[in-house]
Amino acid sequence: QGAAFWDQETYNLPMYAFTHTDIARRLVAYRYDTLAGARRKAKSLGYYGAFYAWTSGKTGEELFPDFFFTDVLTGRPIRNHFNCWQIHISPDVVYGIWLYYQATGDWEFLMEQGAEVLFEVAQFLVSRVHFKKDKNRYEIIRVLGPDEYHENVDNNAYTNYLSRFSLQKACLVFDRLQREAPEKLKTLLSKGGIEPSAREEWEEIADLMYLPEPNPESHIIEQFDGYFNLEDIRPEALRKRLIDPDEYWGWPNGIAVHTQVLKQADVIQMLAMLDGFPQQVLTANYEYYEPRTEHGSSLSPSVHALVACKAEHHQEAYRYFMESATIDLYNASKKVMSGGSFLGGIHTAAAGGVWLIIVKGFACFGLSDRGVVFKPALPESWDALRFKLRVRGCLLEVTLGPKGIRILNCEGSPGEVHVQAPGEERWLKPGQ
């Protein structure tokens, strides 16, 4: 319907950033073009900076209505807060811009457009966080994470971690501009009415942001404050409580609200997007949250497949890969919204998710400070896998087989690429 969601940055952009960089640049430039709409949304809700629309139109205005679902038992509209509590969309936009920069090295875009978005999102977070003096930390309260069944929660792990990520990147870009283009920085700050001292505020909030840590014994990260106190029940058992099969499961009166049942990945989504979590944390959280997830979204199977790869649950990864890849062929599971809503079209984010499973999951592609990293685990039923990547202008052809991985830095690439794979690490010149 012509709208952009946070799926654009988290599911579709990665493929374009590493394959078709011209399209990727247009995707991130879209968020610059709609920055004025994000500013207006923040102001309308009593904040400042840029609060991006959950459902964004051409101007960046929020298109998602206050009342979207209908209670099928009473016929009354249900007030959902996707448009005002799902604040992670702004950090998601920053995540996308930073991913594009990592993939392309396009500093010009960051200077001319991206930096302004990063600074405005940082300002929004300044206006949105709460400082708990008794705990000497910043918290983010009354939010809605990717798991849309649980609204009005405090310290959603995904939101808090991505918010810190955004603030840290804003500081990095500020510092580089200050070193290399001080007049450009001065112009950007003046344009947004931002004081130079704001950078210290961003850093302070990032340093003191409350991040739900993995439990020392179980290694599980609590999705939000009080989540573990909710009724622990599985989706198939909870479904039996429905009076009507089309009831909405979420806020305010749905059957999932007071349980640990999730609509879609939340902590798992965070683990798929952010690096640095130990293997035991990846495995423990996948094993905890996977059976509690209802998968009421087309986004859910692909992100579970990706983290299943990281958690070394390879058979489950392949099962979720097949589910994600065939969503629009079979539609065997619930992939339209409860309550009779239907968005139409195909699930493009699921298609982007399939690419992520193959490249970031099965091939375990990632970026390091020096170049690219692979740690492949080819599905048992596959003989070989081949794909191409474009990293900072260099075209790489990657081939996986049962005996190993072959990486070619294609002729015509502008320079060397540092490659790290199991048992080997080296620089590849063009043609090597």
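Note that this is a predicted model, so its numbers are computed, not measured.

**Some points on the overall build of the protein chain**
Each helix and strand counted, the protein chain has 16 helices and 11 strands in total. For 432 residues, the compact-globule formula gives about 22 Å, and the C-alpha radius of gyration of the protein chain, at 22 Å, lands near that figure. Overall, the C-alpha framework of the protein chain stretches about 65 × 60 × 45 Å when taken along its three principal axes. When burial is assessed residue by residue, the protein chain has 56% of its 432 residues classed as buried. Sequence separation of at least 24 residues holds for 64% of the intrachain contacts in the protein chain that already meet a minimum separation of 6. Within the structure as shown, the protein chain displays about 19,100 Å² of accessible surface, and the carbon and sulfur contribution to it stands at 49%.

**Overview of the sheet that holds strand S7 (residues 385–391)**
Read from one edge of the open sheet, three strands run S7-S8-S9, paired in antiparallel fashion. Edge positions in the open sheet fall to S7 and strand S9 (404–409), since each of these has one partner strand only. Ignoring which end each strand starts from, the neighbouring axes of this sheet average 20° apart. Bridging between strand S8 (residues 394–401) and S9 involves six bridges; their strand directions are antiparallel.

**Some remarks on the sheet that holds strand S10 (residues 417–421)**
An order of S5-S6-S10-S11 is seen for the four strands of this open sheet, with the pairing classed as mixed. A strand with exactly one partner marks an edge of an open sheet, and here the two such strands are strand S5 (366–367) and strand S11 (424–428).

**Some remarks on the nonpolar core**
In this structure, Phe119, Trp202, Met270, Phe374 and Leu389 are the most contacted members of the largest nonpolar core, which totals 138 residues. Considering every element that reaches this core, the biggest residue donor is helix H6 (residues 107–128), with 12 residues. Setting aside residues no more than four positions away along its own chain, Trp202 makes contact with Phe119, Ala122, Gln123, Val126, Leu167, Ala170, Cys171, Phe174 and Ile194.

**Re the pattern of salt bridges**
A full pass over the atoms with the stated rule returns 21 salt bridges. Residues Arg31 and Glu9 are paired through a salt bridge, measuring 2.8 Å at the closest nitrogen-oxygen approach. Here Arg31, found in helix H2 (residues 21–33), pairs with Glu9, found in helix H1 (residues 7–17); they are 22 residues apart in sequence, far enough to count as distant. Taking relative accessible area as the criterion, Glu9 reaches 2% and is therefore assigned buried. Arg292 is paired through a salt bridge with Asp232; the nearest N and O atoms lie 2.9 Å apart. Taken as a pair, Arg292 in the loop between helix H12 (279–289) and helix H13 (300–310) and Asp232 in the loop between helix H9 (198–208) and helix H10 (235–238) lie far apart in primary sequence, 60 residues in all. For Arg292, a relative accessible area of 6% puts it in the buried group. Each of the salt bridges in this network shares a partner with another, and the network as a whole consists of Arg39, Glu116, Glu120 and Lys191.

**Things to note about the pairing of S8**
Taken across its eight residues, S8 has six buried, putting it largely inside the fold. Strand direction decides the pairing type here: S7 and S8, joined by seven bridges, are antiparallel. Bridging from a neighbouring strand, Lys388 pairs with Glu397 of S8. Count of turn residues in the S7/S8 antiparallel hairpin: two residues, of which Arg392 carries a positive phi of about 50°. The antiparallel pairing of S8 with S9 creates a hairpin that spans two residues between the two strands.

**Remarks on a nonpolar patch on the surface**
Together, Val72, Leu73 and Ile243 line one region of the surface with nonpolar side chains, adding up to about 280 Å² of accessible area. Among the secondary structure elements, Leu73 is positioned in the loop between strand S1 (67–70) and strand S2 (77–79). Classification of Leu73 by relative accessible area gives partly exposed; the value is 43%.

**Considering H1**
With respect to burial, H1 is a largely interior element, nine of its 11 residues being buried. Here H1 has its buried residues at Asp7, Gln8, Glu9, Thr10, Tyr11, Asn12, Leu13, Pro14 and Ala17.

**Overview of unusual backbone geometry**
Cis peptide bonds are those with omega within 30 degrees of zero, and the linkage from Trp251 to Pro252 qualifies with -5°. The phi dihedral of Asn155 is positive, around 55°, even though this residue is not glycine. Look at Cys364: it is not a glycine, yet its phi comes out positive at around 50°. Following the sequence through the fold, Cys364 ends up in the loop between helix H16 (348–362) and S5.

**Re helix H8 (residues 182–192)**
Taken together, the buried positions of H8 are Leu185, Leu188 and Leu189. Taken end-on, H8 shows its buried residues confined to a sector of 95°, consistent with a single buried face. Away from its buried face, by an angle of more than 90 degrees, H8 presents the exposed residues Glu183, Lys186, Thr187, Ser190 and Lys191. Contacts from the buried residues of H8 go to H6 and helix H7 (157–180). Following H8 by one or two positions, Gly193 has its phi on the positive side, about 65°.

**Structural notes on the packing of H7 against H8**
Where H7 contacts H8, the two axes come as close as 5 Å, and the packing angle between them is 130°. In terms of orientation, H7 lies oblique with respect to H8. For the pair formed by H7 and H8, the contact residues are Phe174, Leu177, Gln178, Arg179 and Glu180 on the first element and Pro182, Lys184, Leu185, Leu188 and Leu189 on the second.

**Structural notes on the confidence of the model for the protein chain**
Overall, the predicted model of the protein chain reaches an average pLDDT of 94, with 96% of residues at or above 70. Considering only residues more than four positions removed or in separate chains, one finds that residues 335–342, a stretch of pLDDT under 50, has 21 contacts.

**A word on the environment of Asp369**
Here Asp369 is to be found in the loop between S5 and strand S6 (371–373). Along the chain, Asp369 and Gln102 lie 267 residues apart, while their C-alpha atoms are 9.9 Å from each other.

Criteria and thresholds
For every chain, the first residue of the written sequence is number 1, and numbering continues from 1 onward in sequence order. At least 70 in pLDDT is required for a residue's local features to be given in this predicted model, at least 80 for side-chain atom pairs to be given and counted, and no such filter applies to totals for whole chains, interfaces and linings, which use all residues. Side-chain numbers here rest on the full set of heavy atoms in the structure, without hydrogens or water. By definition, any uninterrupted DSSP run of H or I lasting at least four residues is a helix, any uninterrupted run of E lasting at least two residues is a strand, and each is numbered from the N terminus. The globule rule is 2.2 Å times the number of residues to the power 0.38, and the radius of gyration it is compared with is taken over C-alpha atoms. Remark: exposure states derive from per-residue accessible area (1.4 Å probe, protein chains only) relative to the maximum for the residue type, with buried under 20%, exposed over 50%, and partly exposed in between. Whether two residues are in contact is decided by their heavy atoms, any of which lying within 4.5 Å being enough. Per-residue and other accessible areas follow the Shrake-Rupley method at a 1.4 Å probe size, with only the shown protein chains counted as cover for residues. At least two bridges found by DSSP between two strands are what make those strands a pair. Axes, fitted as lines to C-alpha atoms, cover a helix only where it is in contact. Angles between the N-to-C directions of the axes lie from 0 to 180 degrees. The term nonpolar core refers to a set of buried residues drawn from Ala, Val, Leu, Ile, Met, Phe, Trp, Tyr and Cys, joined through side-chain atoms within 4.5 Å. Salt bridge, as used here: a side-chain nitrogen of Lys or Arg that lies within 4 Å of a carboxyl oxygen of Asp or Glu. Here the term patch refers to residues with relative accessible area over 30% and no salt bridge, with like charges joined within 9 Å and nonpolar side chains (Val, Leu, Ile, Met, Phe, Trp, Tyr) within 5 Å. This arc is taken over the directions from the axis of the helix to the C-beta atoms. These descriptions rest on fixed angle ranges, namely under 35 degrees for roughly parallel, over 145 for roughly antiparallel, 65 to 115 for roughly perpendicular, and the rest for oblique. Each residue gets a pLDDT score, which is the predictor's confidence in that residue and runs from 0 to 100.

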